[in-house]
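# Remarks on the overall topology
Spelled out from the first residue to the last, the chains are:
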Amino acid sequence: MSDISLVDQSTTETASALPAISLAMIVAECDVDTMLAALESAKPYVCEIVVAIDPSSTAALAIARDFGCTIVEYTWDANFSNARNAAVERCTGDWILSLDADEIIQVDSVKELLIQLSIAPALYSIRVYSNQGDGHSVINDTTRLFPNRPTIRYKNRLHETPTDSEDSLAALLCTHLHITHAGYTAESIEKGQKVARNLGMLQEMLIEQPLNPQLRLYVAQSLHDDGNIDSAADWLRLCMHFCRIHAMSSSQYCYDQAAADLLSILSTATHYAQGVVEARAICAWREPTHPAFHINLSNCQLNCGDFYAAMASAVKAKQYRGANLQQTDQAAVTWLPDMLLGMCHSNLEQWTEAVTCYTRALAFNPTHHKERVEELLAAAQNMLY
């Protein structure tokens, strides 16, 4: 049992009631500005912190030592699974929590977390909110909490995932934890040279797995992060093509994410008519259930003057809010569908309906777009009254 006695703000239960949880982390020199906050966020809930770190990362190594971490010296070999497994293999707790050095973990309820962990061992995903700057945050559920067993180790060089070789554990979402991630702002990506690093690893993985559509999705997302929009769009089309020709059930989420990302690129680039055409081809094989696909399709249709079609797409986005997703922008599952519906009603001079939609959108507190929605609402109210 952990001997930490810090009281969680959301409950009178103490963190010492939790089973022994080991934090496993990999750290590089580029993490020196964020790793201390990450370590502090996890400290109340874990019995030990094991850090795999390249010995050349002198400043990060000093921080880890001062914090009392167990140090595993690991020479970087362009393989995230190898690095994570080096830390995992030194953990002694009953459970292992995996956290990046630019992430903050928050326990919403120690009491409820204790209940969930005591019911059954599982590969638990935790919801990660990745800050992309300018008020945008992307949601992603990733496996981060799992029993300490020799049969559970990470696989894949990049976008690594802990896998149970005995396939005996269920995959569940841990609803009493969440993580905020700062590593995907433009500044963080450039500082860590993540695009070049990721593309190099992905090229090696494509040699090993040439038919894997998921790898093409990752290439596209890395190119998009680097500003290579046209190349990213081409890789997204390739990804969907490989999903179609293999017709693998496991590729459903990959297809939907690629479709959403492609429509996002076309919508952002104001290629609205092209977006509508490509969406028809995408839906001819299978309609995606990702809300962001329908959000961006709605925006394309709205800008093409097809207001009723845009309304139908926005309604579908709302229907798919609860879909099981790899990634989604928070805006896509909250306020954007209602804002687009309001804009459609405004263009059709349906002012009562427009006011209702803008009011619903504002109820979700749409961050940096709040002023824009308020302006639209005020304009609709003026026309109504």
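Placed above this text is the structure.
A short tour of the structure in this document, coming up. Computed from a prediction, not measured in an experiment: that's the story for all the values here.

## Concerning the environment of Glu287
Looking at where Glu287 falls in the secondary structure, it is placed in the loop between α10 (272-285) and α11 (291-303). What makes Glu287 partly exposed here is its relative accessible area of 27%. Remark: the alpha-carbon pair of Glu287 and Asp256, spanning 31 residues in sequence, is separated by 8.2 Å. At a separation of 2.6 Å, a polar atom in the side chain of Glu287 contacts the side chain of Lys316.

## Considering the pattern of salt bridges
Tallying each qualifying case throughout the model produces 15 salt bridges. We note a salt bridge from Arg84 to Asp100, for which the minimum N-O separation is 2.5 Å. Pair noted here: Arg84 is in helix α3 (residues 80-88) and Asp100 is in the loop between β4 (95-98) and β5 (103-107), with a separation of 16 residues, a long-range link. Arg153 serves as the salt-bridge partner of Glu89, at 3.6 Å between the closest nitrogen and oxygen. With a gap of 64 residues between them, Glu89 in the loop between α3 and β4 and Arg153 in strand β8 (residues 152-155) connect regions that are remote in the sequence. On the basis of relative accessibility, which here comes to 52%, the residue Glu89 falls in the exposed class.

## Observations concerning the packing of helix α7 (residues 213-225) against helix α8 (residues 229-246)
In helix packing, the relevant descriptors are the interaxial angle and the interaxial distance, both defined with respect to the helix axes. Two numbers describe how α7 lies on α8: the axes approach to 8 Å, and their chain directions differ by 165 degrees. Classified by the angle their axes make, α7 and α8 are roughly antiparallel. Pair α7 / α8 crosses with left-handed handedness. From α7, Pro213, Arg216, Leu217, Val219, Ala220, Leu223 and His224 reach across to α8, where they touch Ile229, Ser231, Ala232, Trp235, Leu236, Leu238, Cys239, Phe242 and Cys243. Counted by class, the contact of α7 with α8 contains 13 nonpolar, two polar and one charged residues.

## What to know about the pairing of strand β1 (residues 21-27)
Of all seven residues that make up β1, seven are buried, and the element is covered over most of its length. As defined by bridge partners, β1 adjoins β4 across four bridges and the pair is classed as parallel. Counterpart to Ala24 in the pairing with β4 is Ser98. Here β1 runs beside strand β2 (residues 48-53); their pairing, made up of six bridges, is parallel. Opposite Ala24, over in β2, you have Val50 as the bridge partner. A crossover links β1 with its parallel partner β2, the connecting element being helix α1 (residues 35-42), and its sense is right-handed.

How each quantity is defined
Residues numbered from 1 in each chain as written. Predicted model: local features only at pLDDT ≥ 70, side-chain atom pairs only at ≥ 80, totals over all residues. Heavy atoms only, no water. Helix = DSSP H or I, 4+ residues; strand = E, 2+ residues; numbered from the N terminus. Buried < 20%, exposed > 50% of the residue type's maximum accessible area, 1.4 Å probe, protein only. Polar contact = N/O pair within 3.5 Å; in protein donor to acceptor, adjacent residues only side chain to side chain. Salt bridge = Lys/Arg side-chain N within 4 Å of Asp/Glu carboxyl O. Axes fitted to C-alpha atoms, helices over the stretch in contact; angles between N-to-C directions. Parallel < 35°, antiparallel > 145°, perpendicular 65-115°, else oblique. Left-handed = near helix turned anticlockwise from the far one by under 90°. Contact = heavy atoms within 4.5 Å. Nonpolar A, V, L, I, M, F, W, Y, C, P; charged D, E, K, R; others polar. Pairing = 2+ DSSP bridges. Right-handed = clockwise from strand over helix to strand, strands pointing away.

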